[in-house]
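Overview (structure and organization)
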Amino acid sequence: MTDKKKVEVNIVGRNFTVVGNESEEYIKGIAAFVDEKIKEVSSKNEKLNDLMATILATFNMADEYYRTYKELENLKMEVKEPMENYDGLIKELETSKIRIKELEEECNIYKNELLEAKRNHESVNKSVTKYEQAIYLKENELKQNQKTIKDLQDKLYQNQMELIQTKKELDEVVKDLDKNNSIFNKEEL
C-alpha cells in the first residue's frame with residue numbers, strides 16, 4: 001500500500017491541497033505548469049475572468065493531451081508489429097548465433113587444415129630444394145662423366161688409329177720379312 005501525500009500548491013493566487021502518490025516535487029511541478037498555462041491564456045485576453053481563463057487553459061491542455069494521446073496511439077501502432085515480431089527476431093538471433101558458432105568452428109577446422117597444409121608445403125619445398133641440389137650435383141657429375149667418356153672415346157679413336165697404323169706397318173714388315181725369307185730360301189736352294 002502506497003502512502004498518500006498531501007501537498008499545498010498555489011494556482012492563480014489560490015491555495016489548494018493536493019493528495020497523491022507522487023513526490024511533492026512532482027505535484028508542485030504540475031501545479032506550476034497549470035498556473036503558467038492559465039496565466040498565459042489570461043495575458044492574451046485581459047477581459048477573461050479567472051474561471052474563463054481556467055476553462056480555456058484547461059481546454060488548451062486537453063487539446064495538447066488529446067494530440068499527444070493520438071500521437072502515442074499512432075506510435076503504439078507503429079511499434080506493435082516490430083514488438084509482435086520480437087520473439088521471432090530473438091529466435092532468429094539465437095539461430096544466427098548458433099550458425100555463427102558452427103561457422104567459427106568450421107573456420108577453425110579449415111584454419112588448422114591450412115596450417116597443416118602450409119607445414120606440408122614447407123616440408124615439400126625443403127625436399128624439392130634438397131632434390132634440386134642433388135640433381136644439380138648429379139648433372140655436374142654427369143657432365144664430368146660425359147667429358148671423361150668423350151676424352152676416353154677420343155683416346156680410343158687415337159689408339160685405334162695408332163693400331164691401324166701399327167698393323168699396316170706390321171703388315172709391311174711381315175711382307176718384307178716374307179720377301180726376305182723367300183729370298184733367303186731361294187738362295188739356299
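Structure first, text after, so check above.
The sections below set out a description of the structure shown in this document. Every chain is numbered independently, its residues counted from 1 as its sequence is written. This being a predicted model, a pLDDT of at least 70 is required before a residue's local features are given, and a value of 80 or more before pairs of side-chain atoms are given or counted; all residues contribute to the totals for chains, interfaces and linings. Heavy atoms from the whole structure form the basis of all side-chain values; hydrogens and water molecules are not counted.

Take the overall build of the protein chain next. Looking only at helices and strands, one finds three helices and two strands in the protein chain. When the elements of the protein chain are put in sequence order from the N terminus, they spell out β-β-α-α-α. Here the protein chain has a C-alpha radius of gyration of 61 Å; the compact-globule value for 189 residues is 16 Å, and the former is much larger. Expressed as lengths along the three principal axes of its C-alpha atoms, the size of the protein chain is roughly 190 × 45 × 30 Å. Burial analysis of the protein chain (189 residues in total) assigns 7% to the buried set. Within the protein chain, contacts between residues at least 6 apart in sequence are counted, and of these 19% link residues at least 24 apart. Surface exposure of the protein chain reaches about 17,500 Å², of which carbon and sulfur atoms provide 56%. Measuring between centres, the 32 positive side-chain charges of the protein chain sit 1 Å from its 40 negative side-chain charges. Strands here are runs of E lasting at least two residues and helices are runs of H or I lasting at least four, both read from the DSSP assignment and numbered beginning at the N terminus. Each radius of gyration is computed over the set of C-alpha atoms, and the globule rule expresses the reference value as 2.2 Å times the number of residues to the power 0.38. Between buried and exposed lies partly exposed: a residue is buried under 20% and exposed over 50% of the maximum accessible area for its type, with that area taken using a 1.4 Å probe on protein chains only. The contact criterion used throughout is that any non-hydrogen atoms of two residues lie within 4.5 Å. Reported accessibility uses the Shrake-Rupley method at a 1.4 Å probe radius. Residues are deemed covered only where the shown protein chains occlude them. When charges are counted, neither His nor the chain ends are considered; positive counts come from Lys and Arg and negative counts from Asp and Glu. Here the site of a charge means atom NZ of a Lys, CZ of an Arg, CG of an Asp or CD of a Glu.

Turning our attention to helix α1 (residues 24-44). Any helix carries an expected span of 1.5 Å times its number of residues minus one. For α1, with 21 residues, the first-to-last C-alpha span of 31 Å sits near the 30 Å given by 1.5 Å per residue. In this fold, the buried residues of α1 make contact with β1 (5-11), β2 (14-20) and α2 (50-84).

In this section: the packing of aromatic side chains. Any Phe, Tyr or Trp ring, taking Trp's six-membered ring, that has another such ring centre within 6.5 Å forms a pair; planes under 30 degrees apart are called stacked, those over 60 apart edge-to-face, and the others tilted. Enumeration over the complete set of coordinates arrives at one aromatic pair. When the ring of Y65 is compared with that of Y69, the centres are 6.1 Å apart and the planes differ by 25 degrees; the resulting orientation is stacked. A residue pair is termed a helical-turn pair when its members lie 3 or 4 positions apart in one helix, as Y65 and Y69 do in helix α2 at four residues.

The grouping of E169, D171, E172 and D176 at the surface amounts to a negative patch. Locating E169 in the fold gives a position in helix α3 (residues 86-188). In this structure E169 comes out as partly exposed when scored by relative accessible area, which is 44%. Without a salt bridge and with relative accessible area above 30%, a residue can belong to a patch; like charges are then joined within 9 Å and nonpolar side chains (Val, Leu, Ile, Met, Phe, Trp, Tyr) within 5 Å. Any Lys or Arg side-chain nitrogen found within 4 Å of a carboxyl oxygen on Asp or Glu counts as a salt bridge.

In this approach a probe as big as a water molecule rolls over the atoms, and the regions it shows empty are the leftover space. Residues are called lining when one of their atoms sits within 4 Å of a cavity or pocket point, these points coming from a 1 Å grid over the protein atoms alone, where a cavity is a set in which a 1.4 Å probe fits but cannot get out and a pocket is an open set with protein on both sides within 12 Å along at least five of seven lines. Grid points are joined across faces, edges and corners, and a volume is the space filled by probe spheres set on the points. Within this model, the largest pocket holds a volume of roughly 160 Å³. Together, I11, V12, R14, F16, V34, I38, D50, L51, T54 and T58 line the largest pocket. Looking at the lining of the largest pocket, the elements that each hand over two or more residues are β2, α1 and α2. If you tally residues by element for the lining of the largest pocket, the top one is α2, at four residues. Classifying every residue of the lining of the largest pocket gives six nonpolar, two polar and two charged. Nonpolar residues are Ala, Val, Leu, Ile, Met, Phe, Trp, Tyr, Cys and Pro. Charged residues are Asp, Glu, Lys and Arg, and all others, Gly as well, are polar.

Bringing the side chain of K37 into the picture now. Examined against the element boundaries, K37 turns out to sit in helix α1. Polar contact is defined as a pair of N or O atoms within 3.5 Å, subject to the rule that within protein one atom must be able to donate a hydrogen and the other to accept it, and that residues adjacent in sequence are counted only when both atoms are side-chain atoms. A polar atom in the side chain of K37 sits 3.2 Å from the side chain of E64. Residues contacting K37, with those up to four places away along its chain left out, are A57, M61 and E64.

The next point concerns the pairing of β1. As a general feature of sheets, a regular strand has side chains that alternate between the two faces. Here β1 pairs with β2 via seven bridges, running antiparallel. Bridge assignment links N10 to a residue of β2, and that residue is N15. Where β1 hands over to β2, the hairpin turn is made up of two residues, of which V12 adopts a positive phi near 50 degrees. For two strands to be treated as a pair, DSSP must find no fewer than two bridges joining them.

Helix axes are fitted only over the stretch in contact, all axes being lines through C-alpha atoms; the angle between N-to-C directions runs from 0 to 180 degrees. Remark: α1 packs on α2, axes separated minimally by 8 Å, with the N-to-C direction vectors making an angle of 115 degrees. Once α1 is placed against α2, the crossing between them reads as right-handed. Where α1 abuts α2, its residues F33, V34, K37, I38, V41 and S42 lie against A53, T54, L56, A57, N60, M61 and E64. Its residues placed into classes, the contact of α1 with α2 shows eight nonpolar, three polar and two charged. Helix crossings are classified by the rotation of the near helix relative to the far one: an anticlockwise turn of less than a right angle makes the crossing left-handed, while a clockwise turn makes it right-handed.

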